Amino acid sequence: MWGGRFASGPAAIMEEINASIGFDQRLASQDIRGSQAHAAMLRDVGILTKADAKSIIKGLDAIGEEIEAGTFTFSRALEDVHMNIEARLAELIGPEAGRLHTARSRNDQVATDFRLYIRDTIDQIDVGLAALQKALAAKAEEHAATVMPGYTHLQTAQPVTFGHHCLAYVEMIARDRGRFADARKRLNECPLGCAALAGTSFPIDRKATASELGFDRPTANSLDAVADRDFALETLAAASIAAMHASRLAEEIVIWASAEFNFVTLSDAFTTGSSIMPQKRNPDAAELSRAKIGRIAAAFQSLLMVMKGLPLAYSKDMQEDKEVTFDALDNLALVIAAMTGMISDLAPNPEKMRESAARGYSTATDLADWLVRAGGVPFREAHHITGSVVAAAEARGVRLDELPLEAMTAIDKRITDDVFDVLSVDASVNSRTSYGGTAPQNVRKMARAWRKRLEK
């Protein structure tokens, strides 16, 4: 197909390192779409006859059906998905197939295919992320008033609600979706027609091709168009952050499902057992989701290193862009599906959560705030007084709301019996009514707003 300059074929090891058909056959549907758009444009500008264009487009349809049916044979000797499809087209329609490659190169062809593929994948990932948000928002509304400990440094800090905790991840995922949307917007320019690197002397209509393929516009510089893989890098960066968020949630599920915490229970659907310890219920789906960030972030770093020293325009190094990208995006989609299933599946243990929230003097800040409001005490002084009250409760081995009033007034006489109205975990969460706070009324309102928004 390309060997007129060469007197003999490649060495076996050259074929081994050069062939990409083992992984880039995944781009077949995008390659066919791009080729059909190119053929239609060549027809419309008069480079192809209507008969040749019709034959080419019909032949590409037939190849698409063969690939879909699993009857198409991909050959390593033909290197890549582009040459495999072109060779099969020649078998089906004859030498007219060779006219399809007029005014294009495999360089702009693969850049177009890859952009189409990533655009399609971003759309699929967005659907998955929206489903995960829906599962979290539903759980948040259901448990808007389920009290649990909030942590800083993994130490008990203040009471929050489980619904509020779920909504924190809804917000994270919203930012993930925004990053993918931004990446999609920037990649949505069409390289087709830039040819090898310098454009073409044929009177082609790149705007027509771009429009046919759903791109916003053609790329503006032929060198940049074939040399660019920013669109893959940006998508992998967004994928890495999304995977990091999933990993954080997975880590919390692992912790919450432990016997020591016992905050949630996962069913048989998302746990496994042990080959030696019959009592075990291991949160393996969460653990594997937690681990996927390693390979997804590594894919970003891998492609970054491939691209960092390449001169313009195309180099064969860029063939290394696809395997890592395919693997990363496949695994992210799997993680999103697993996390969605686990969130829907897990059953919180409200009693255990409440019991834990009441420990660790989690309402100490409420005491300090009460001193500021009721006693007019400057916050720094209130903080010091509260610390002394906590020390007194700790010495007696009781919670703050169990410490006798006289023990508190011995520390500061401005403390009155009214203080007990703010020292329960329910009073604490109910008081956090500031926008974005954990009060159940806030959580219900926000969860419902998210569910309504996501339904659209």
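Reading the values: rules and limits
Residues numbered from 1 in each chain as written. Predicted model: local features only at pLDDT ≥ 70, side-chain atom pairs only at ≥ 80, totals over all residues. Heavy atoms only, no water. 1 Å grid on protein atoms, 1.4 Å probe; cavity = no way out; pocket = protein on both sides within 12 Å on 5 of 7 lines; lining within 4 Å. Points joined across faces, edges and corners; volume = space filled by probe spheres on them. Helix = DSSP H or I, 4+ residues; strand = E, 2+ residues; numbered from the N terminus. Nonpolar A, V, L, I, M, F, W, Y, C, P; charged D, E, K, R; others polar. Axes fitted to C-alpha atoms, helices over the stretch in contact; angles between N-to-C directions. Parallel < 35°, antiparallel > 145°, perpendicular 65-115°, else oblique. Left-handed = near helix turned anticlockwise from the far one by under 90°. Contact = heavy atoms within 4.5 Å. Phe/Tyr/Trp six-rings, centres within 6.5 Å; stacked < 30°, edge-to-face > 60°. Buried < 20%, exposed > 50% of the residue type's maximum accessible area, 1.4 Å probe, protein only. Lys NZ or Arg CZ within 6 Å of the ring centre and 35° of its normal. Disulfide = S-S within 2.5 Å. Pairing = 2+ DSSP bridges. Expected span 1.5 Å × (residues − 1). Core = buried A, V, L, I, M, F, W, Y, C linked by side-chain atoms within 4.5 Å.

(A) Quick peek at empty space enclosed by the protein. This model, assessed by the stated rule, comprises one cavity of 30 Å³ or more. Its boundaries defined by the atoms lining it, the largest cavity holds a volume of some 70 Å³. Looking at the largest cavity, the residues that line it are Leu-129, Leu-132, Tyr-169, Ile-173, Asp-176, Ala-242, His-245, Ala-246, Leu-249, Leu-332, Ile-336 and Met-339. Take the lining of the largest cavity: its biggest share by element is four residues, from helix α10 (residues 230-256). Partitioning the lining of the largest cavity into residue classes produces 10 nonpolar, one polar and one charged.

(B) Structural detail: the packing of helix α3 (residues 28-44) against helix α6 (residues 106-142). Running from amino to carboxyl end, α3 crosses α6 at an angle of 120°, the nearest separation of the two axes being 9 Å. One element, α3, and the other, α6, form an angle in the oblique class. For the crossing formed where α3 meets α6, the hand is right-handed. In this structure, α3 contributes Gln-30, Asp-31, Arg-33 and Ser-35 to the contact, and α6 contributes Gln-109, Asp-113, Leu-116, Tyr-117, Arg-119 and Asp-120. The residue makeup of the contact of α3 with α6, split by class, is two nonpolar, three polar and five charged.

(C) Examining the packing of aromatic side chains more closely. This structure, assessed with the given rule, holds seven aromatic pairs. Here the aromatic rings of Phe-72 and Phe-74 are separated by 4.7 Å at their centres, their planes lie at 55°, and the arrangement is tilted. Given a relative accessible area of 24%, Phe-74 falls into the partly exposed group. When the ring of Phe-261 is compared with that of Phe-263, the centres are 5.2 Å apart and the planes differ by 80°; the resulting orientation is edge-to-face. A relative accessible area of 1% places Phe-263 in the buried class. Just above the ring of Phe-215 sits the side chain of Arg-119; from NZ or CZ to the centre is 4.8 Å.

(D) Looking closely at the layout of surface pockets. Roughly 510 Å³ of internal volume is contained in the largest pocket. As for the largest pocket, its lining consists of 23 residues, of which Gly-150, Tyr-151, Thr-152, His-165 and Glu-252 are closest to the centre. Contributions of two or more residues to the lining of the largest pocket are made by β1 (147-152), β2 (155-161), α7 (162-187) and α10. Partitioned by chemical class, the residues of the lining of the largest pocket number 13 nonpolar, six polar and four charged.

(E) Structural detail: the state of the cysteines. This structure, assessed with the given rule, holds zero disulfides. With no disulfide partner, Cys-190 has as its closest neighbouring cysteine sulfur the one in Cys-194, 8.0 Å distant. With a relative accessible area of 1%, Cys-190 lands in the buried category. Under the relative-accessibility criterion, Cys-194 is labelled buried at 2%.

(F) Layout of the packing of helix α4 (residues 50-69) against helix α5 (residues 81-93). It is the contact of α4 with α5, at a shortest axis distance of 9 Å, that shows an interaxial angle of 115°. Here α4 and α5 pass one another in a crossing that is right-handed. Judged by residue contacts, Ser-55, Ile-56, Gly-59, Leu-60, Ala-62, Ile-63 and Glu-66 of α4 engage Ile-85, Arg-88, Leu-89, Leu-92 and Ile-93 from α5. Residue composition of the contact of α4 with α5, grouped by class: eight nonpolar, two polar and two charged.

(G) Quick look at the pairing of β2. Alignment of β1 against β2, held across six bridges, turns out to be antiparallel. Across the sheet, the residue bridging to Pro-149 is Pro-159, located in β2. The turn linking β1 back onto β2 is made up of two residues, and His-153 within it adopts a positive phi angle of 60°.

(H) Seen up close, helix α14 (residues 364-375). Compared with the 16 Å implied by 1.5 Å per residue over 12 residues, the 16 Å span of α14 between its first and last C-alpha is a close match. Elements in contact with the buried residues of α14: α15 (379-396) and α17 (425-431). Looking at the residues trailing α14, positive phi occurs at Gly-376, about 65°.

(I) Up close: the nonpolar core. Ranked by size, the top nonpolar core spans 86 residues in total, and within it Leu-136, Phe-180, Ile-253, Leu-332 and Met-339 carry the most contacts. Per element, the largest residue contribution to this core is 14 residues, and it comes from α10. Every residue in contact with Phe-180, bar those within four places of it in the chain, is listed here: Ile-122, Ile-125, Leu-129, Thr-235, Ala-238, Ala-239, Ala-242 and Leu-332. In terms of nonpolar packing, the next biggest core, distinct from the first, is built from 19 residues, Leu-371, Ala-382, Val-389 and Leu-423 among them.

(J) Main features of the side chain of Gln-36. You can see Gln-36 is positioned in helix α3. Overall, the relative accessible area of 17% leaves Gln-36 in the buried class. Apart from the residues within four sequence positions on either side, Gln-36 is in contact with Ile-57, Leu-60 and Asp-61.

(K) Quick peek at unusual backbone geometry. The omega torsion of the bond from Leu-312 to Ala-313 falls at 10°, within 30 degrees of zero and hence cis. Tracing the sequence through the fold places Ala-313 in the loop between α11 (284-307) and α12 (321-345). Positive phi, close to 70°, is recorded for Ala-103, a residue that is not glycine. Considering the arrangement of structural elements, one finds Ala-103 in the loop between α5 and α6. A residue is classified by how much of its surface remains accessible, and Ala-103, at 7% relative accessible area, is buried.

Functional significance is not addressed by these values, which are geometric in nature.
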